[in-house]
Structures are given as C-alpha cells and as structure tokens.
Amino acid sequence: IAQKSISHHFGIMYQIPKFPLQILVGYEHLPTPYANNKYKDNLRQNYSLGFSFMMHKKVNLQLGYNNYKWTYDGINESYERLSIGISLYSLFSLAN
C-alpha cells in the first residue's frame, strides 16, 4: 500500500573568487511511499558533491558524486554514483 511522501533536498554552491570553478554540496531526504516495515524509519538519504568548471565562456565541464544510503528489512544498503558532463552553450557561436 502506498502513502503520500515528501522529499527534501537542499544544497550550497560556492563560486571560487576570480577562478571559473564552482563547488556544490547537497543532502536529499527520499522517503519511500510504501507503508511497510521493511524500510527502517521510511528514510533513504543522498549526499552529493559536485564541481563545475567553465573551460570557455560557452563550454562547461561538470563532475558529480552521489552516495545513497538506506536500510531495507534490517540490512544497511547503499550505492555510489559518479557522473561527468559537459555543457555546450550556443554551439553555433563558439568562435565568439
């Protein structure tokens, strides 16, 4: 049986002065919508860390790390995710 749930996520971004780097950290509370006792305290958590580097005024490189943790049927479980991305802004005007 599913029930209503509310997810909370907050984070902070810091721009390094006079350098094209941003540092991001965050936390997310992810409750499961299932009303059973297998999920301890109905709570999953995500901790995140990221970096964003502006390589060119139209090219941005991102690196992100996430660590998810929860308890299922009395067993602590988790997984980690690393992601790398690139953003290209206005591809037809890279020469500008």
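Preceding this paragraph is the structure being described.
A brief report on the enclosed structure follows. Predicted model, so just to flag it, every value in this text is computed and none were measured. (Residues numbered from 1 in each chain as written. Predicted model: local features only at pLDDT ≥ 70, side-chain atom pairs only at ≥ 80, totals over all residues. Heavy atoms only, no water.)

This next bit is on the overall build of the chain. When helices and strands are tallied, the chain shows zero helices and five strands. Ordered by position from the N terminus, the helices and strands of the chain form the series β-β-β-β-β. Going through the 96 residues of the chain one by one, you find that 21% of them count as buried. A fraction of 41% describes how many contacts in the chain between residues 6 or more apart in sequence connect residues 24 or more apart. (Helix = DSSP H or I, 4+ residues; strand = E, 2+ residues; numbered from the N terminus. Buried < 20%, exposed > 50% of the residue type's maximum accessible area, 1.4 Å probe, protein only. Contact = heavy atoms within 4.5 Å.)

A separate point is unusual backbone geometry. Despite not being glycine, Lys-18 shows a phi value in the positive range, around 60°. Its place among the elements puts Lys-18 in the loop between strand 1 (8-15) and strand 2 (21-29).

Below, the discussion takes up the packing of aromatic side chains. The full count for this structure, using the stated rule, is five aromatic pairs. Note on Phe-10 and Tyr-27: the rings are 5.8 Å apart at their centroids and 50° apart in plane angle, and the pair reads as tilted. On the criterion of sequence distance, the pair formed by Phe-10 in strand 1 and Tyr-27 in strand 2 is long-range, its members being 17 residues apart. Ring centres of Trp-70 and Tyr-79 lie 6.1 Å apart, and the angle between their planes is 75°; this geometry places the pair in the edge-to-face category. Judged by relative accessible area, Tyr-79 falls into the partly exposed class, the value being 40%. (Phe/Tyr/Trp six-rings, centres within 6.5 Å; stacked < 30°, edge-to-face > 60°.)

The next point concerns the pairing of strand 4 (residues 59-72). As paired elements, strand 4 and strand 5 (residues 75-88) share 14 bridges and run antiparallel to each other. Residue pairing in the sheet places Tyr-65 in a bridge with Leu-82 of strand 5. The hairpin formed by strand 4 and strand 5 contains two residues between the paired strands, and Asp-73 there has a positive phi angle of roughly 55°. (Pairing = 2+ DSSP bridges.)

What follows concerns the side chain of Asn-66. For Asn-66, the position within the fold is in strand 4. Since its relative accessible area comes to 10%, Asn-66 is described here as buried. With residues up to four places along the chain from it excluded, the contact list for Asn-66 reads Asn-46, Tyr-47, Ser-48, Tyr-79, Glu-80 and Arg-81.

So, on to the environment of Pro-31. With respect to the secondary-structure elements, Pro-31 resides in the loop between strand 2 and strand 3 (39-56). Judged by its relative accessible area of 11%, Pro-31 falls in the buried class. It is 9.0 Å that separates the C-alpha atoms of Pro-31 and His-8, two residues lying 23 residues apart in sequence.

Turning next to the side chain of Ser-87. Relative to the elements of secondary structure, Ser-87 occurs in strand 5. There is a polar contact of 2.8 Å between the side chain of Ser-87 and the side chain of Gln-62. When sequence neighbours within four positions are dropped, the list of residues in contact with Ser-87 reads Lys-58, Val-59, Asn-60 and Gln-62. (Polar contact = N/O pair within 3.5 Å; in protein donor to acceptor, adjacent residues only side chain to side chain.)

Nothing here speaks to function; it is geometry throughout.
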